[in-house]
Structures are given as C-alpha cells and as structure tokens.
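A look at the structure
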Amino acid sequence: MDIEEDIKDLLQFYTSSGQASCQYVRVVSFVQGLVIGQLSVLIVLVFAVRYLFMEDVKRVKKRYLPSRLSTTPSMRTNPAAANTPPASLITAKTYYDIIHHPPESTDWLNVLFAQAIHQYRDDAQINDRLKVAITEMLNGGLRPGFVGPILVTDLNLGDEFPILNNARIRPSDELGSMHAEIDFEYNDQVTLGIETQVILNWPRIAIAALPVSLVVSVVRFSGTLTIEMINPPKTSTKPDKPLERYIAISSHPDFILDLQVQSLIGSKTKLEDIPKLTDLIQTKLRNTYIDKLVYPTFVKVKVPAMFQDRRQDAQNTQNTHEHATTGDLPSQQPAPQQPLQPQKPNDASHATIHSEKEQVVL
C-alpha cells in the first residue's frame, strides 16, 4: 500500500510540475515575441527616416530651395513676368482693372475720420487749448514789427465732417507706377476771428495805432486728393545714405475754396467789410494752399524702412570709433597769455602816498 501511495504522489508531482513548466514556457515565448516585434518596428522606422528624410552631410550640394513667399523662381522661369511693370503685375494679382473698375466708396474711412475729428473738437474746448495755441503761434516770431499783439476773439471748428468718395486707382506719370485719387467735400462754417492793431512807426516809433478786426470763415472746400507711393530710384552704386521711401499727398488744381471775410477797421470812424481787403485775404489763402499742396507740390509722409543695413551701420560705427581713437579731437592749445596790466593801488595806499608827498612839500 505504501508503494502505491508513493507512486501516486510521484505521478501527481510530475503532472503539476509539467503544467507549471508549460505555463512558464508560454510566458517566455510571449515576451520574446513582443520584444522582437517592437525591435523590428523600431529598426524599420530608423531605416525609413535615415534613407527617406536625411542625406549624407559630405555629399550635400548648394541648391535653391523654393519658397511660397518668393517670386524670384517664377520670374526666372517666366521672362515675360520679369519684364512686366510693377503696376501691371500688382493690378493683375489683385484683380483690379484700372480702366473698367468703378470708383469705390470710402464710407468706412469717413466714419474713422469723423470719430477722430469729433474727439479733437472735444479736446480743443477744454480750457480753450486750441485758442491759446493759435494765439501763441500768431504772436510768435513771424509777426512783423508794425503789427501789434494779436488776440483770438472767435474760434469755431464747425459741426460737420469731411466726406471722401469716388476712390479710384489711376496710372501715374512715372512709368510703371500708379496713384490713388479720392474726391473730398466739406460744407461747414469754420470760423476764426482776430483783433490787432496796425502801428504807425513814422516819423517816430508807435506814433499811432489803427485797430483792425477780422473774421474769416471757410464755407465750402472741395477737390481731389492724389496719394502715391514714391519709391527710391534703382542705382547701380550703393548710395552713402539710404534713399527715402515716402507717400506723396497732393491736390488737383481744380479745387473749390469759398471764404467769407468780415473786416472792421478804425477807432471812432469805422470801415466795415472793405472789398479790397477781402480779395487780398482770399487770394493770399488760395495762393498758400497752391504753394503747399497743389500738384506738382506735395506733402511728404515718410515711410520707415523695414530692414536696416547692418553692414553699413557697423561701418559707420567703426569709422566713428577710428576717428575718436586716432586723435581727430581738437588739439589742446595753450591759452593765450593776457597782457600784464599795472596794478591799481587801493585807497589806503593811495592816501598814505599822498600824505607823504604833502609832508615833503612842507
């Protein structure tokens, strides 16, 4: 009986150990397959990245890499595009037909300008800032000697706003360039009133004074503005100073400027609204506008440069440093010697000498 039980125990032991060994073998084979599969995937990825996206550094040659923002390759491959004027190229890519495109409205620009002008009008009424500024400007260095102090008596900036409309693009006088034309209309009552005196300086200075009172009002102002981007000319040699790029704003000569001038001259006997004086003021204001803004004269608005020439700046800095270190500073010269002057005796020594002389005489 004991032998049979021992045989059964041995059979049970070998059976349990065999199942455990089978499970162990299965786990080990699963881990080995997982590791080998991950390593194979990683090796495939490394080879794919190496041979598809990389190259040998020693065999790299310089070549042109095209960019979406660069237009040079298209101009190189298309000679007609390289010879096309900039204006035609820009209008073609922006789908703007200069001949057939209708004038555009600038309502959004009118609203922005109206907001800015309204704010300036409110700021000008605080403590009469604008009136004080105009008074200081009129009484500055430009006031002639025969005109007395100028006092601003009336200042009204109006209630309406300028209206811009009919914006269009037109070819410019310069070949390959273009400009924008915008009509403007301003109907309001902008008034400036001043009081002063005309001083008579003959036969002596300020012998008499003639009181003068003027009120000038702008009733209507309309015309056409021209806005053009002026680029510096292309040169084969590099200039010493960078050329300016600016926006030129001018007006057509067929503008309308309607003024109302009220004048009052005299003290006891007064002359009111003298026609000659009215014509003189209107002509002077019109000629001032023509000289400042009517084409070919223009107002220049400078456009800042986007990219500075670092090499030129470094060269200028180096030249300045060299001038400072090579002794370009003004040489120090000895101060000129002042001529010796006889020393003036003081009052005590002078009195002593005078008394000694009196004693010798006695």
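Computed from a predicted structure; not experimentally measured. (Residues numbered from 1 in each chain as written. Predicted model: local features only at pLDDT ≥ 70, side-chain atom pairs only at ≥ 80, totals over all residues. Heavy atoms only, no water.)

A word on the packing of aromatic side chains. With the rule as written, the count across this model stands at four aromatic pairs. Ring pairs connect the aromatic residues Phe184, Phe221, Phe255 and Tyr289, which therefore count as one cluster. Here the basic side chain of lysine 300 rests over the ring of tyrosine 246, its NZ or CZ set 4.7 Å away from the ring centre. (Phe/Tyr/Trp six-rings, centres within 6.5 Å; stacked < 30°, edge-to-face > 60°. Lys NZ or Arg CZ within 6 Å of the ring centre and 35° of its normal.)

Before going further, it helps to examine the nonpolar core. Formed by Ile134, Val147, Ile150, Val152, Ile194, Val212, Leu214, Val216, Val261, Ile265, Leu277 and Ile281, the largest nonpolar core amounts to 12 residues. Put simply, the parts of the chain that give this core at least two residues each are strand E4 (208-230), strand E6 (256-265) and helix H7 (275-293). For this core, the element with the highest residue contribution is E4, accounting for three residues. Sequence-distant contacts of valine 216, that is, excluding residues within four places in its chain, are made with Val190, Thr191, Leu192, Gln260, Ile281 and Leu285. Ala167, Phe184, Leu293 and Val294 belong to the second-largest nonpolar core, a separate cluster that totals 11 residues. (Core = buried A, V, L, I, M, F, W, Y, C linked by side-chain atoms within 4.5 Å. Buried < 20%, exposed > 50% of the residue type's maximum accessible area, 1.4 Å probe, protein only. Helix = DSSP H or I, 4+ residues; strand = E, 2+ residues; numbered from the N terminus. Contact = heavy atoms within 4.5 Å.)

Of the consecutive residues tryptophan 202 and proline 203, the connecting peptide bond is found in the cis state with omega at 5°. With respect to the helices, strands and loops of the structure, proline 203 is situated in the loop between strand E3 (178-200) and E4. The step from tyrosine 295 to proline 296 runs through a cis peptide bond, and the omega angle for that step is 15°. Structurally, proline 296 is set in the loop between H7 and strand E8 (299-303). Even without a glycine there, the phi angle at tyrosine 95 is positive, about 55°. Positionally, tyrosine 95 belongs in the loop between helix H4 (86-93) and helix H5 (107-124). Overall, tyrosine 95 belongs to the exposed group, its relative accessible area being 76%. Its identity as a non-glycine residue notwithstanding, aspartate 128 has a phi of 55°, on the positive side. As for its placement among the helices and strands, aspartate 128 is situated in the loop between H5 and helix H6 (129-138). For aspartate 128, a relative accessible area of 39% puts it in the partly exposed group.

In short, geometric facts, not functional conclusions.
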